[in-house]
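An overview of the molecular structure
Chain residues, written in single-letter form:
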Amino acid sequence: MENITPASELQDRLERLRRRMDQAAPEWEVALVTRRMSLFYLCGTMVSGSLWIPRDDEAVLFVQRGYGRAQQESAFPAIERISGFREMASRVGRPDCSLHLERDGFTLSAFGRLERRFSFTGYEGLDAHLLAVRAVKSPFEIAHTECSGRINAELLEQLAPTL
């Protein structure tokens, strides 16, 4: 099994999230993903950063720490290095729109920094949409789950007799 999530798998995951947003929140304009596990799922890397997903434009992974790692382990097509929300705002502009963001794990201080740099008209949760997309497994994910199961079974067969 390969260790890098293929670009086609990452693109499919992002498209499934966009379709989910179109259906469940038809007014959505921009989504922002910041949790490392969500970044890993959508971008194939677990770095410190933010995935900016505009409704009608290319998504960009903005990396604050771990840029070299992101380039090595991710097949995501758009990865840019930034120092913080200020630099991200200078690159994407200050959109006058609502933002869907992950509420779980997003601190009040991070929210304050985000508000100072952008002029969003409102905020909505993204967590339920991400969970719904992640709940449906792709053939790639199923194959990796099956491989993991085989490895665990082999280990148990080897270790159980010695216990």
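Scroll up to find the structure this text is about.
First, a word on what this report is: a plain description of the structure on this page. This structure is a prediction, so every number in the text was calculated from the model and none was measured. (Residues numbered from 1 in each chain as written. Predicted model: local features only at pLDDT ≥ 70, side-chain atom pairs only at ≥ 80, totals over all residues. Heavy atoms only, no water.)

Where nonpolar side chains cluster on the molecular surface, the patch consists of Ile151, Leu155 and Leu159 and spans about 270 Å² of accessible area. Relative to the assigned elements, Ile151 resides in helix H7 (residues 139-159). Relative accessible area serves as the criterion here: at 45%, Ile151 is assigned to the partly exposed category. (Patch = residues over 30% accessible without salt bridge, like charges linked within 9 Å, V, L, I, M, F, W, Y side chains within 5 Å. Areas by Shrake-Rupley, 256 points an atom, 1.4 Å probe, with all protein chains shown as cover. Salt bridge = Lys/Arg side-chain N within 4 Å of Asp/Glu carboxyl O. Helix = DSSP H or I, 4+ residues; strand = E, 2+ residues; numbered from the N terminus. Buried < 20%, exposed > 50% of the residue type's maximum accessible area, 1.4 Å probe, protein only.)

Here we take up the pattern of salt bridges. This structure, assessed with the given rule, holds eight salt bridges. Arg16 serves as the salt-bridge partner of Asp12, at 3.1 Å between the closest nitrogen and oxygen. Of this pair, Asp12 and Arg16 both sit in helix H1 (residues 7-24), four residues apart, which is roughly one turn of the helix. Residue classification places Arg16 among the buried positions, given a relative accessible area of 15%. For the salt bridge of Glu80 with Arg91, the shortest nitrogen-to-oxygen distance reads 2.8 Å. Note that Glu80 is positioned in strand S4 (residues 79-81) and Arg91 in helix H4 (residues 85-92), a separation of 11 residues in sequence.

Asp127, His129, Leu130 and Val133 are the residues of helix H6 (residues 127-135) that are buried. Take H6 and look down its axis: the buried residues cluster within an arc of 165°, on one side only. Away from the buried face of H6 by more than 90 degrees, exposed residues Ala128, Leu131 and Ala135 are located. Residues of H6 that are buried in the fold lie against H1, strand S1 (30-33), helix H2 (36-43), strand S5 (98-101) and strand S6 (122-125). (Arc of directions from axis to C-beta. Contact = heavy atoms within 4.5 Å.)

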